[in-house]
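The chain contents come next:
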Amino acid sequence: MSTAASEAKTARPRKGERLEVEIDSLAFGGRGVARVDGYVVFVAGGLPGDLVRAEITKPKKRFAEARAVELLRAGADRVADRCTHEGEPCPGAPWQGLAYEQQLIEKRAQVDEALRRIGELDGYELEQIEPALEQWRYRNKLEYSFGPGEDGVALGFHASGRWDLVIGVEDCLLASERGNAARNAVREWARAERVAPYDRRAGTGVLCNLAVREGRRTGQIQTRLATTPKRFPKPPVDLHTVVDDGSGGSEGPTGVLGEERLRERLCGLDFEISHSAFFQTNTEMAERLYAVAAEYAGLSGSERVFDLYCGIGTIGLTMAADAGEVWGLEIVPEAIADAERNAERNGIANARFLAGSARTGLRPLLEQAGRPDVVLLDPPRAGLSQKIVRRVLECEAKRIVYVSCNPTTLAPNAAQLVEAGYTLRRVRPVDMFPQTPHIECVALLEKGG
């Protein structure tokens, strides 16, 4: 083959170019994998067997990223979309075209692949995945954006690959009926009062986004509206957050118009949650997740437990009855205040909570509390930095229970702990987010061989 022909064969596509490709598998993160003359294209919205027209969004030397803009032929195993908005598949349910049983198979395989390929780990027991109790209407929190639409205001999700286009939502099957009704009520208020959505290009308008949270066990609905600092009629929401013009975010000074905290019941305990504090998005599966963590912790009633990244104290407090003492560490002060209130509310006297980061707060915690028997880790998606791993190793705990929302960061962290003398014993995936590629898992590491 001539040099010119070879270059033509391997020439990468340009941004915006559209290709007809057939999806042959799924990559980690949920994108479909297609190949064009050996060149790999990762296609958001493509499922195995699909023939799609894909638009290139990010061309690179060895592969390209793309999004499916038209389904030309559905794969033999694709199931019909159930959750659509204005004719578009719900962006919060990108795997709804994949049969649920296949979703579980893919998620378990991706956990195993990450641990083996990225962490170069083996010898552990990969347990069967915990399936979701509900495949739809399981989320206790959803965030929506405002944009121009019918009667001046649309409230829903950004269209795939578009920050400037909002697709209106009437009934999202990820939310409960009560959650949908609360969102729609705010939309109707905005239309009736003619309050305009914020336009990032022009720098005009008011309404930025709306968060709807639900106490699944208490029946409480809490709404938080984020707007620019302009005057407008009082909104029918619980919380009002003012964000800087042009920030596009949802954080800022927050005023209370109704219920300040969300109330929920989890694992037999009562919790109150501040708007800035983290809480698992699937209440029912959070109980399953924490049950797995408790099983792996193997508490007998006398152990000292460190709950790092403790948030409002959920994991540690649910284990406190089986522990000697629980010490929680969390960088968000509001979450620590929630944790202390939650311990008092539930009559739990053997749990203490400290505000601080895992990086700088763990050594002072060791000095104050002594060495733990068990360390619970529930870090954000980025996982643990090498410095935090070193701090965890200084604890010299017998067992480490790692709750992960990202197997690709669990894998290197587990490898670092194994290199330092721990053994990865068991890993169990837990499906917190049906219809999506996201997967949580719990890993047990024990000191020594």
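Look above for the structure.
One structure accompanies this document, and this report is about it. Note that the structure is predicted; figures quoted are calculated from it, not measured. (Residues numbered from 1 in each chain as written. Predicted model: local features only at pLDDT ≥ 70, side-chain atom pairs only at ≥ 80, totals over all residues. Heavy atoms only, no water.)

**Some remarks on empty space enclosed by the protein**
Then, in step 1: Tallied over the full model, the rule gives three cavities of 30 Å³ or more.
Then, in step 2: The computed volume of the largest cavity comes to approximately 60 Å³.
Then, in step 3: Lining the largest cavity, in full, are Arg139, Asn140, Lys141, Leu142, Tyr144, Ala175, Gly179, Val212, Arg213 and Glu214.
Then, in step 4: Breaking the lining of the largest cavity down by element, the ones donating at least two residues are β10 (141-147) and β13 (207-214).
Then, in step 5: Among the residues forming the lining of the largest cavity, the class breakdown is four nonpolar, two polar and four charged.
Then, in step 6: Ranked by residue count, the leading element in the lining of the second largest cavity is strand β14 (residues 221-227), at three residues.
Then, in step 7: Taken together, the residues of the lining of the second largest cavity break down into one nonpolar, three polar and three charged. (1 Å grid on protein atoms, 1.4 Å probe; cavity = no way out; pocket = protein on both sides within 12 Å on 5 of 7 lines; lining within 4 Å. Points joined across faces, edges and corners; volume = space filled by probe spheres on them. Helix = DSSP H or I, 4+ residues; strand = E, 2+ residues; numbered from the N terminus. Nonpolar A, V, L, I, M, F, W, Y, C, P; charged D, E, K, R; others polar.)

**What to know about the sheet that holds strand β4 (residues 39-44)**
Then, in step 1: With respect to topology, six strands assemble into an open sheet ordered β1-β5-β6-β4-β3-β2, the strand pairing being mixed. Strand pairing shows two members of the sheet lacking a second neighbour, β1 (18-22) and β2 (25-26), which therefore form its edges. (Pairing = 2+ DSSP bridges.)

**Remarks on the packing of aromatic side chains**
Geometrically, a pair of aromatic rings is defined through the distance of the ring centres and the angle of the planes.
Then, in step 1: For the coordinates displayed, the defined rule picks out three aromatic pairs.
Then, in step 2: Between Tyr144 and Phe157, the aromatic rings sit 5.3 Å apart at their centres with planes inclined by 35 degrees, giving tilted as the arrangement. With Tyr144 in strand β10 and Phe157 in strand β11 (residues 154-158), this pair connects stretches of sequence that are 13 residues apart. Accessibility assignment for this pair places Tyr144 and Phe157 in one class, buried.
Then, in step 3: Across the ring face of Tyr144, the terminal group of Arg183 is positioned such that the distance to the ring centre comes to 4.9 Å. (Phe/Tyr/Trp six-rings, centres within 6.5 Å; stacked < 30°, edge-to-face > 60°. Buried < 20%, exposed > 50% of the residue type's maximum accessible area, 1.4 Å probe, protein only. Lys NZ or Arg CZ within 6 Å of the ring centre and 35° of its normal.)

**Considerations on helix α8 (residues 386-395)**
Then, in step 1: Taken as a whole, α8 has its buried residues at Ile388, Val389, Arg391, Val392 and Cys395. The arc that holds the buried residues of α8, viewed along the axis, is 160 degrees, so those residues lie on one side.
Then, in step 2: A positive backbone phi angle near 55 degrees is found at Glu396, which sits one or two residues after α8. (Arc of directions from axis to C-beta.)

By themselves, these figures tell us nothing about what the structure is for.
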